[in-house]
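Here is what each chain is made of, one letter per residue.
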Amino acid sequence: MALITGSWTTATVEAYTRATLLKRILREGFGEYGTATGGSTSTVVDTGMLQSSGYPDDKFKGMWARIEYDAGGSAAAPELEIRPCTASTSSSGTVTVNPVYSAAVGSGDRYQLWAFMHPQKVLDTLDQVMTQDCFLPEWTLLTEMPDGDMEQNNTTDWGTSNATLSKVTAEPSLWGKRWLRVTTTDAGGYAQNAAALAVVPGATYHISAIARPTAATTTATVRAYDNTNAATIDLKTYTGSAPGRVYMEVTAPAGCHDLRVRLGATANGVAVDFDEVAVYSTGANSLPLPWWVSNKAQVKGIFRTTWTGLTSDVWDPMPSMTLDNERWDFRDSAFGRGQLRIVASQGVIPTPMYLFGLRPETAWANENTEVKHVDQDWVIARTMQVLFRQMQGPLSIGLQHSEWVQERQKYWDEEYRRERKKQEERIQDVLQAEVPDVYVYSDSYSEARLTVN
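Note that the structure is predicted; figures quoted are calculated from it, not measured.

Asker: Is there a simple way to think about the environment of valine 299 in this case?
Answerer: In this structure, valine 299 sits in strand E21 (residues 299-306). C-alpha of valine 299 to C-alpha of leucine 358: the two residues are 59 residues apart in sequence and 6.7 Å apart in space. If sequence neighbours within four positions are ignored, valine 299 has contacts with Leu289, Val293, Phe330, Leu355, Phe356 and Gly357.

Asker: For this particular structure, what's the right way to read the side chain of arginine 245?
Answerer: Tracing the backbone shows arginine 245 in strand E17 (residues 244-251). Although arginine 245 is buried, it makes no salt bridge; glutamate 276 carries the closest opposite charge, 5.0 Å away. Here the side chain of arginine 245 touches serine 208 through a polar contact of 2.8 Å, side chain to side chain.

Asker: Explain the pattern of salt bridges here, please?
Answerer: When the charged atoms of two side chains with opposite charge come close together, those side chains can pair. Inspection of every chain in the model, using the stated rule, returns 26 salt bridges. The partner of glutamate 367 in a salt bridge is arginine 18, and the shortest N-O contact between them spans 2.9 Å. Pair noted here: glutamate 367 is in the loop between strand E27 (353-360) and helix H3 (376-390) and arginine 18 is in helix H1 (residues 18-30), with a separation of 349 residues, a long-range link. Taking relative accessible area as the criterion, arginine 18 reaches 10% and is therefore assigned buried. In this structure, the salt-bridge partner of arginine 382 is aspartate 133, at a minimum N-O distance of 3.0 Å. Placement of arginine 382 in helix H3 and of aspartate 133 in helix H2 (residues 119-133) is noted, with a sequence separation of 249 residues between them. The exposure class of arginine 382 is buried, given its relative accessible area of 15%. Overlapping salt bridges bring together Arg24, Glu28, Asp377, Glu407 and Arg408 as one network.

Asker: Sorry, what's going on with the side chain of glutamate 79 here?
Answerer: Tracing the backbone shows glutamate 79 in the loop between strand E4 (64-69) and strand E5 (82-89). Buried charged residue glutamate 79 carries no salt bridge. Nearest counter-charge: arginine 110, at 7.5 Å. From its side chain, glutamate 79 meets the backbone nitrogen of aspartate 70 in a polar contact 2.9 Å long. Apart from the residues lying within four places of it in its own chain, the contact partners of glutamate 79 are Ile67, Glu68, Tyr69, Asp70 and Asn368.

Asker: Hey, could you run me through the packing of aromatic side chains in this one?
Answerer: The geometry of two aromatic rings is summed up by the distance between their centres and the angle between their planes. Counting across every chain of the model gives 12 aromatic pairs. Judged by centre distance (6.4 Å) and plane angle (85 degrees), the rings of phenylalanine 30 and phenylalanine 116 are edge-to-face. Note that phenylalanine 30 is positioned in helix H1 and phenylalanine 116 in the loop between strand E7 (110-114) and H2, a separation of 86 residues in sequence. Take phenylalanine 116: its relative accessible area is 28%, and that puts it in the partly exposed class. An aromatic cluster of at least three residues, connected via ring pairs, comprises Phe30, Phe116, Phe388 and Trp404. The ring of tyrosine 55 carries lysine 59 above its face, with NZ or CZ at 5.1 Å from the centroid. The ring of tyrosine 411 carries the charged tip of arginine 408 above its face, separated from the ring centre by 4.6 Å.

Asker: Could you clarify how one ought to interpret the pairing of strand E14 (residues 204-213) in this entry?
Answerer: For a regular strand, side-chain orientation follows a simple rule: the groups alternate between the two sheet faces. Among the 10 residues that make up E14, 9 are buried, leaving the element largely enclosed by the rest of the structure. Both E14 and E17 contribute to a ladder of 8 bridges, which runs antiparallel. When the sheet's bridge partners are listed, alanine 211 is paired in E17 with glycine 244. In terms of strand pairing, E14 meets strand E19 (residues 271-281) through 8 bridges, oriented antiparallel. Residue pairing across strands places tyrosine 205 opposite serine 281, the latter belonging to E19.

Asker: Honestly, the environment of phenylalanine 303 in this entry has me stumped. Any pointers?
Answerer: Tracing the sequence through the fold places phenylalanine 303 in strand E21. Considering only alpha carbons, one finds phenylalanine 303 and phenylalanine 356, 53 residues apart in sequence, at a separation of 7.9 Å.

So, how was this worked out
- Residues numbered from 1 in each chain as written.
- Predicted model: local features only at pLDDT ≥ 70, side-chain atom pairs only at ≥ 80, totals over all residues.
- Heavy atoms only, no water.
- Helix = DSSP H or I, 4+ residues; strand = E, 2+ residues; numbered from the N terminus.
- Contact = heavy atoms within 4.5 Å.
- Buried < 20%, exposed > 50% of the residue type's maximum accessible area, 1.4 Å probe, protein only.
- Lys, Arg positive; Asp, Glu negative; His and termini not counted.
- Salt bridge = Lys/Arg side-chain N within 4 Å of Asp/Glu carboxyl O.
- Polar contact = N/O pair within 3.5 Å; in protein donor to acceptor, adjacent residues only side chain to side chain.
- Phe/Tyr/Trp six-rings, centres within 6.5 Å; stacked < 30°, edge-to-face > 60°.
- Lys NZ or Arg CZ within 6 Å of the ring centre and 35° of its normal.
- Pairing = 2+ DSSP bridges.

What follows is the structure in structure tokens.
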């Protein structure tokens, strides 16, 4: 079992805000950025960066001034507002905008000055790259439980009783990007799936979840609950500060048609983190694919699992995995929409199943606080490549800059080729670490190939 520690003092993962990437784009020739020393609804003043005898007046005229961050920290106006620059005065470090901002620019506000292209087009392009081009290697559990992987950025799929719920991202991590923290407000408090799972009386179901009590004296609970008859089917507990996968197999009682899984703790005022909730019928031959799979080419491997026992009801949360690709077909529940499923051509689900695939990133919900675990060089190379393609032609950039645009286009085409190759090698390393005779080449998910020697 892996040893668990808190956050490392030296960062070991790639994590960037949108603001970080926009600054990089500005440094690559698209403009300037800085921190205002003052201003008003019609001006941005920066005596540190914009004030200089070496600047001509009106140096920034014709650019766009965007307020990246309000110094108050509450995302108040004029944060994210964009205005055209109508004048600039180098002796005072002042940029004038018209129309005016909805609130005054203040000392400590962070601003961006954009040349060549309206910043909204840059933002839209960055979102496009993240959601359509950026595919991240991902291991995820296959489960019938909505939000069983806890990767949604909300708790909509989870109801609660005598507890408060939150999605947590702070180290030490469990699995993936997020996990559910249940903090009890009374003894026996819990979270449960908001929508009950339909079950068949007499059928057997596997239920398991990673649990990590936040204190060694806290006892986590995983309860299979007959929602039809308002009765507990089975209850498992786990005490300890290291994560463990609590598991059970239960038979739906006579008259039981709805099942809920309750994740909680025995005591009041304690917290337990839960992740990767597996629920499936042991006699079933199909499983839903995760929400982010829209094309079977995103799936690089389907794996059955082997687990090491910690106690009679708890496994080590990190399984051994064996490739199980050959017997699974892909089926769409509805053309153009609906969740994809895998269906076994023979046999049933033997153990909890994991999928390794390429997950598309999502757009930033908050520019300054939300981080994405992405390769900054790859994202910048792809974004710059797309931006310079958009700038081709005199109507977009002006004849006087056409040679510069063509030169930068060539440069970023080459940079993107190198960064794409690095990502392909990383995906190969992940699969080879699990299964030595599996190799994957991925230019994009739609062109990915998986071979087994």
